[in-house]
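Notes for the structure review
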Amino acid sequence: MTSSASSSVGWPPPNRCWRRAGRLAVVSFHSLEDRAVKEFVRARSGRTPAPSRHAPPRREQQAATLRDLTRRPVVPSDAEVAANPRARSARLRVAEKIGSAA
């Protein structure tokens, strides 16, 4: 997802659009979409991987604004895929806003 494409469809959503304890649920149907959602949620929940010791230092990490409610994506059951074959590629990720109301 390029930055121009992501801004035209409204991704990522600004935090000011949610109330405190508001939830964000995203269904993705492609691995690249799921990766963008996963990285967005991880970055805002303070769960970023440790940088390489060979990489230049990064700027300070921001305070967590989201809590990841689904560490792994929710995938359709075998029964659901049998009833709806198009659902087999669907992945659901959910996050909850924490902190002060915006």
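Everything numeric in this text was worked out from a predicted model, so none of it was measured. (Residues numbered from 1 in each chain as written. Predicted model: local features only at pLDDT ≥ 70, side-chain atom pairs only at ≥ 80, totals over all residues. Heavy atoms only, no water.)

A separate point is helix 2 (residues 31-44). Under the 1.5 Å per step criterion, the end-to-end length of helix 2 is 20 Å for 14 residues, consistent within 8% with the ideal 20 Å. Where helix 2 is concerned, the buried positions are Asp34, Val37, Phe40 and Val41. Each buried residue of helix 2 sits inside an arc of 130° when the element is viewed along its axis, so together they form one side. Helix 2 presents Ser31, Leu32 and Arg35 as exposed residues on the side facing more than 90 degrees away from its buried surface. Check the buried side of helix 2 and you find it contacts strand 1 (23-28), strand 2 (66-68) and strand 3 (91-97). Positioned one or two residues after helix 2, Gly46 has a phi angle of 75°, which is positive. (Helix = DSSP H or I, 4+ residues; strand = E, 2+ residues; numbered from the N terminus. Expected span 1.5 Å × (residues − 1). Buried < 20%, exposed > 50% of the residue type's maximum accessible area, 1.4 Å probe, protein only. Arc of directions from axis to C-beta. Contact = heavy atoms within 4.5 Å.)

Here we take up the environment of Asp78. Looking at the element boundaries, Asp78 is found in helix 3 (residues 78-83). Linking Asp78 and Arg88, residues ten residues apart in sequence, is a C-alpha distance of 8.5 Å.

Tracing the chain through its elements places Ala90 in the loop between helix 3 and strand 3. Taking the relative accessible area as the measure of exposure, Ala90 reaches 14% and is therefore buried. With sequence-adjacent residues up to four places away left out, Ala90 is seen in contact with Val27, Ser28, Phe29, Val74, Val75 and Pro76.

Right, let's get into the nonpolar core. By size, the foremost hydrophobic cluster in this structure holds eight residues: Trp18, Leu24, Val26, Val37, Phe40, Val41, Leu66 and Ala95. Those elements that place two or more of their residues in this core are strand 1 and helix 2. (Core = buried A, V, L, I, M, F, W, Y, C linked by side-chain atoms within 4.5 Å.)

Let's shift gears to the sheet that holds strand 1. Taken in spatial order, the three strands make up an open sheet running 1-3-2, and their pairing is antiparallel. With partners counted over all chains shown, the strands left at the sheet margins are strand 1 and strand 2, one partner each. Looking at each pair of strands side by side, their axes are set apart by 25° on average, direction ignored. The pairing of strand 1 with strand 3 spans six bridges and is antiparallel. Bridge assignment links Leu24 to a residue of strand 3, and that residue is Ala95. Contacts from helix 2 reach strand 1, strand 2 and strand 3 within the one sheet, and its direction differs from that of strand 3 by about 20°. (Pairing = 2+ DSSP bridges. Axes fitted to C-alpha atoms, helices over the stretch in contact; angles between N-to-C directions.)

Right, let's get into the confidence of the model for the protein chain. Averaged over the protein chain, the pLDDT score is 81; the fraction of residues at 70 or greater is 79%. The least confident element of the protein chain is helix 1 (residues 3-9), whose mean pLDDT is 46; the most confident is helix 3, at 96. The low-confidence segment residues 1-8, where pLDDT is below 50, has three contacts with residues more than four positions distant or belonging to other chains. (pLDDT = per-residue confidence, 0-100.)

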